[in-house]
Amino acid sequence: GISRPHCVAVIAQLGGGAMGLLDTYLGLYNLGCMAGWAYALFLAVGSLARTGGDLTRVWADASAPAELAQWAMLLEIVHALTGAVRSPVFTVFLQVMSRIVALGVVVVCPEVRTQWSCGLMLLSWSLVEVPRYAFYLNALLSPKGSEGTLYPVFWLRYSLFYLLYPTGITGECATMLAACSTASLAGALPGGWAVFLIKANLALYLPGSPFMYLNMVKNRKSAFKKRYPPPEKPKPAEKGTQFPPDGKGGRSTTVAGKQVIEAAVRGCGSEAAGKAADKIGKEKNWRFNYNKHYMAMVRLGCDSPSAALSCARAGLAWMNENMVFIAPSGETGPFHKVVSKTTGKFETGVVHGEGSISKLAYKVPYNGGWHPSSPKAPSAEAVLSGDALKAQAAAWAKRGIVEQDAADALCWTTDYFEQGKSLKGVYFVMVGAGSAMGPFPKLLEMGATVVAIDIPGCWGAGGPRPTWTLWKRLTETAKNSPGSIIFPVSKPQSACKDDEEMWSASGCDLMNQPGEIANWLVHWQSTIPADAKVVIGNYTYLDGDLHVKLALCADYCISKLCAARKSTTVAFLCTPTDIHVCTDEANAAAAKNYGSGLGSFGLEMAANLFSGGKMLVKNALKPVKSASGKVIHLVDGLSVAQGPNYGLAKRMQHWRACIAFEEGHAVSTMVAPSTATISVLSNKTFAWAYGGMPYFGYEVFKQETTNAVMAALLMHDALNVASTKNPKNRKTAGIDNTLELFRTQAVHGGLWRCAYKVDSIGEVSALIYFAGIASPVLMALAALTIGTTGFLSLMKQQ
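The rules we used
Residues numbered from 1 in each chain as written. Predicted model: local features only at pLDDT ≥ 70, side-chain atom pairs only at ≥ 80, totals over all residues. Heavy atoms only, no water. Helix = DSSP H or I, 4+ residues; strand = E, 2+ residues; numbered from the N terminus. Rg over C-alpha atoms; globule rule 2.2 N^0.38 Å. Contact = heavy atoms within 4.5 Å. Areas by Shrake-Rupley, 256 points an atom, 1.4 Å probe, with all protein chains shown as cover. Lys, Arg positive; Asp, Glu negative; His and termini not counted. Charge placed at Lys NZ, Arg CZ, Asp CG, Glu CD. Core = buried A, V, L, I, M, F, W, Y, C linked by side-chain atoms within 4.5 Å. Buried < 20%, exposed > 50% of the residue type's maximum accessible area, 1.4 Å probe, protein only. Pairing = 2+ DSSP bridges. Axes fitted to C-alpha atoms, helices over the stretch in contact; angles between N-to-C directions. Right-handed = clockwise from strand over helix to strand, strands pointing away. Salt bridge = Lys/Arg side-chain N within 4 Å of Asp/Glu carboxyl O. Parallel < 35°, antiparallel > 145°, perpendicular 65-115°, else oblique. Nonpolar A, V, L, I, M, F, W, Y, C, P; charged D, E, K, R; others polar. Phe/Tyr/Trp six-rings, centres within 6.5 Å; stacked < 30°, edge-to-face > 60°. Expected span 1.5 Å × (residues − 1). Polar contact = N/O pair within 3.5 Å; in protein donor to acceptor, adjacent residues only side chain to side chain. pLDDT = per-residue confidence, 0-100.

Student: Help me out: how do you make sense of the overall build of the protein in this one?
Tutor: A count of helices and strands for the protein gives 30 helices and 17 strands. Here the protein has a C-alpha radius of gyration of 30 Å; the compact-globule value for 798 residues is 28 Å, and the two agree. Here the C-alpha coordinates of the protein stretch approximately 95 × 70 × 65 Å along the principal axes. Sequence separation of 24 or more characterises 76% of the internal contacts of the protein that already satisfy a separation of 6 or more. Only carbon and sulfur atoms are counted for the fraction: they give 60% of the accessible area of the protein, which is about 35,000 Å². Of the side chains in the protein, 73 bear a positive and 55 a negative charge, and the two mean positions are spaced by 3 Å.

This is the structure:
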């Protein structure tokens, strides 16, 4: 928690003195707290020495400095909320308030001060806090920060909790439990409410204690790994797609990320765009402030159709001209220039399905939204089709989980297949065919031909996870369906002696072979009928800078196929956590919802105020009034935690969508809902937040449901000539600016109509989830309290 704050970056721009002032304050705070707890520990140890280890005397002898230091800990919540330290607000709040409640009990109930548990509590607190504050102080004074702290201080900070957290929690719980039988606590609030509240607080220890303990275990592992990292493996020779040199011997994604957005913003062409671009160039904390510049870029793009297109073209031009490609020959240069020289291509593999194409019905697996209490995937019987599916689409629209045009598109697809039709003769090129969020199995189920692009099957040969298993899954799925799969292979399919050899020869390396893949796609499309429907979509994802590289290479393939076949439809899945143009109705609903729920009790404003404007931020934004006078509403779902690389990769998809739509290509791009994928749920914090989000009107979709719903919308856009995603219908759809394309057919899961920005409800959602877990215990305690009170009243009357 001692890193310099990202929320006070503006202070840093004022000069070293201002930042030094903050460090000085934090240093004095940590020194004072350390001294207070050290004195309390000195007095506690002295008490134990004099009394032969009697814990019942400790509080009386050592409480004065301990109480002062403990009350001072409230400032740590303020530090986290304001960004003075980069610590998770939710975790800090739990740590501090659990102590404050326990301290308040001791202050209100003098009877418990002689309890052994009270002494154990004070002793545990002081033993933990002295090395903790010493660690923070040492880190502030060290040029290397936390990595430069003295090892004994470092070890104590991240090791003592193993023993002292359990003893401290035991002391706190036993002290509060003893207080519940005292006259002081019973009379502290009318009607015995103080006793009930303390018992309710004790109930929260059930979920809270394991969370805090495991959080410290995680922090310890991370701290030791950071301080003593494993020896770096020799870096392999650079090849394929790379970020440009940063002038300092590296390839900084931050430098490139700033420069491409600066170029895109400047491309908007207005005086305001020039000023906004200058601000990007001066930004000192891109990692945590990139979001405001992305918002400025979108608002500037909304000013006019030409601004949006110029922005998109400038952004992709920068990427193609400044990203680097290192060819196998060793030639190194601008990405597009070098890749365009590629002459090679792949062989073609084909596997035809053996399933029946008759009597197809569109089915969506659904057994409700995801929640920690209902995590299981829908069973084979839990599927919706026909009228039941259309009724669910209507219900989602009514609840604000999807927009009405998305529900209409889902119904259109349902009706299409009920007429006995199929996807036979329709080709879907999937870049990232094996993606968990992609429509691969659903397309095959409905009879489509999928042109699958994914990683080479030769990777990991002989290891525990050979990648040929991916191609085994894809080809066997196709074989058991009424559809077909076409895929690149490194040698003729006829030369493979068996399936395993074919799987190993399948696939391609997108980041190192974008030219070969594009050439193969252009050649392949020339072998099918000129009037055949072809759709190409990017479904790739990797962490960090790799996501940007994949996005660039996929964009190259998409642009080449679109140039070769003018009727090609382009497809993307938009993340809900981005900045989009939204419908007027969604914006009005978000504005209306603001102030309900938490707000009706005044908690909305309180949470926002005490968090320094971070929590429960209003979702309904001020609209953009374009140069033509048109009012355009935006929704800011951008999650800063996802990072600027993720933001750039998704923005590149937006840029390509805008350009392709303007050039006459249908573009099936719509917002997908928050989905409980394995990768997301592996982060417990996200899972807890997901658990509380239904309170705010969200439905978190299960992966199987998302896949089927989004595939249905993709099919609608490919087949329905009246789709709003077809540029021939842009006037009817009211799409003057290509950025308005993203307001159509949104399946946002409730994000657009929520009262608060999604990036501001995480901690509150997690708290709501934990409160829900504890509610049965709280209800039982309430019933017990009411019953006991009634019984005692009856006894008194007798």
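Having put the structure on the table, let's press on.
Student: So what exactly am I meant to see when it comes to the nonpolar core here?
Tutor: What tends to happen in soluble globular proteins is that the nonpolar side chains get buried as a cluster. Core analysis: the largest hydrophobic core is formed by 175 residues, its most contacted members being I261 and W655. Non-local contacts of I261, meaning those with residues more than four positions away in its chain, are made with I280, W286, Y294, M297, L648 and W655. In terms of nonpolar packing, the next biggest core, distinct from the first, is built from 61 residues, W396, A452, I485 and A505 among them.

Student: Quick question: what am I supposed to make of the sheet that holds strand β3 (residues 332-334) here?
Tutor: Paired through their backbone hydrogen bonds, the strands of a sheet run either parallel or antiparallel. With respect to topology, three strands assemble into an open sheet ordered β1-β2-β3, the strand pairing being antiparallel. Strands at the two margins of the open sheet, each flanked by one partner only, are β1 (240-242) and β3. Direction aside, neighbouring strands of the sheet carry axes that sit 30 degrees apart on average. Bridge count for β1 against strand β2 (residues 324-326) is three bridges, and the pairing is antiparallel. In the strand pairing of β2, Q242 is matched with V324.

Student: Please explain the pairing of strand β10 (residues 533-538) as it appears in this structure.
Tutor: A large share of β10 lies buried, amounting to five of its six residues. Pairing geometry for β10 and strand β11 (residues 569-574), over four bridges, is parallel. Within the sheet, the bridge partner assigned to I536 lies in β11 and is V570. With helix α22 (residues 545-564) bridging β10 and its parallel neighbour β11, the resulting β-α-β unit is right-handed.

Student: For this particular structure, what's the right way to read the pattern of salt bridges?
Tutor: Once the charged atoms of two side chains with opposite charge are near each other, the side chains can pair. Counted by the stated rule, this structure contains 26 salt bridges. Ionic pairing is found between E76 and R132, a salt bridge with its closest N-O pair at 2.9 Å. A residue pair is termed long-range when its members are at least 10 positions apart, and E76 in helix α4 (residues 74-82) and R132 in helix α6 (residues 116-141) qualify at 56 residues. Residue E76 shares its accessibility class with R132, and that shared class is buried. Of the charged contacts in the structure, one is a salt bridge between R251 and E238, with a shortest N-O distance of 3.0 Å. Placement of the pair is R251 in the loop between β1 and α11 (253-266) and E238 in the loop between α10 (193-227) and β1, with a sequence separation of 13 residues.

Student: Please explain the packing of helix α17 (residues 404-418) against helix α28 (residues 703-719) as it appears in this structure.
Tutor: Helix-helix packing: each pair is described by the crossing angle between the helix axes and the interaxial distance. Where α17 meets α28, the axes come as close as 8 Å, and the angle between the chain directions of the two elements is 75 degrees. With respect to α28, the axis of α17 lies roughly perpendicular. Where α17 abuts α28, its residues A406, A409, L410, W412, T413, Y416 and F417 lie against A712, L713, M715, H716 and L719. Grouping the amino acids of the contact of α17 with α28 by side-chain chemistry returns 10 nonpolar, two polar and no charged.

Student: What's the story with the packing of aromatic side chains in this structure? I'm lost.
Tutor: Note on aromatic pairs: each is described by the distance of the centres and the angle between the planes. A full pass over the atoms with the stated rule returns 34 aromatic pairs. Between Y416 and F417, the ring centres sit 5.1 Å apart and the planes meet at 90 degrees, which makes this aromatic pair edge-to-face. In this structure, Y416 and F417 share a single accessibility class: buried. Grouped by ring-pair contacts, the aromatic residues Y25, Y29, Y133, F135, Y136, Y151, F154, Y158, F224 and Y228 constitute a single cluster.

Student: Please clarify how the sheet that holds strand β9 (residues 484-489) should be interpreted in this entry.
Tutor: An order of β4-β9-β8-β7-β10-β11-β15 is seen for the seven strands of this open sheet, with the pairing classed as mixed. Only two strands of the sheet have a single neighbouring strand rather than two, namely β4 (347-352) and β15 (667-671). In this sheet, neighbouring strand axes are inclined to one another by 20 degrees on average, regardless of whether the strands run parallel or antiparallel. In the sheet, strand β7 (residues 426-431) pairs with β10 via six bridges, with the strands oriented parallel. From the neighbouring strand, V431 faces β10, where its bridge partner is N538.

Student: I'm lost on the environment of L26 in this one. Help?
Tutor: With respect to the secondary-structure elements, L26 resides in helix α2 (residues 16-51). For L26, a relative accessible area of 7% corresponds to the buried category. Once the C-alpha coordinates of L26 and A84 are considered, the two residues, 58 residues apart in sequence, prove to be 8.6 Å apart. Leaving out residues up to four positions away in the same chain, L26 has contacts with H79, A84, V85 and L140.

Student: When you look at α17 in this model, what are you seeing that I'm missing?
Tutor: Because an α-helix packs 3.6 residues into every turn, residues spaced three or four apart end up facing the same way. Taking 1.5 Å of rise per residue, 15 residues should cover 21 Å, and α17 covers 21 Å from first to last C-alpha, within 8% of that figure. Looking one or two places after α17, you find G420, whose phi comes out positive at around 85 degrees.

Student: How should the side chain of S626 be read in this particular structure?
Tutor: Inspection of the secondary structure assignment puts S626 in the loop between β13 (624-625) and β14 (631-636). Looking at S626, its side chain comes within polar contact range of the side chain of S628, at 3.0 Å. Look past the residues within four positions of S626 in its chain and what remains in contact with it is C302 and D303.

Student: What should I look at first to understand the confidence of the model for the protein in this one?
Tutor: Do not read the fine detail of predicted coordinates wherever pLDDT is low. Across the protein, the average pLDDT comes to 91, with 93% of residues at 70 or higher. Every residue in residues 1-19 scores below 50 in pLDDT, and together they form 33 contacts with partners more than four places removed in sequence or on other chains.

Student: Could you clarify how one ought to interpret the pairing of β14 in this entry?
Tutor: The side chains of a regular strand alternate between the sheet's two faces. Of all six residues in β14, five are buried; the element is thus mostly enclosed. Relative to β14, strand β12 (residues 579-582) runs antiparallel, the two being bridged by four bridges. When the sheet's bridge partners are listed, V581 is paired in β14 with L634. One ladder, built from two bridges, connects β13 with β14; its direction is antiparallel. Paired with K625 across the two strands is V631, which belongs to β14. Between β13 and β14, which pair antiparallel in sequence order, lie five residues; one of them, G629, sits at a positive phi of approximately 95 degrees.

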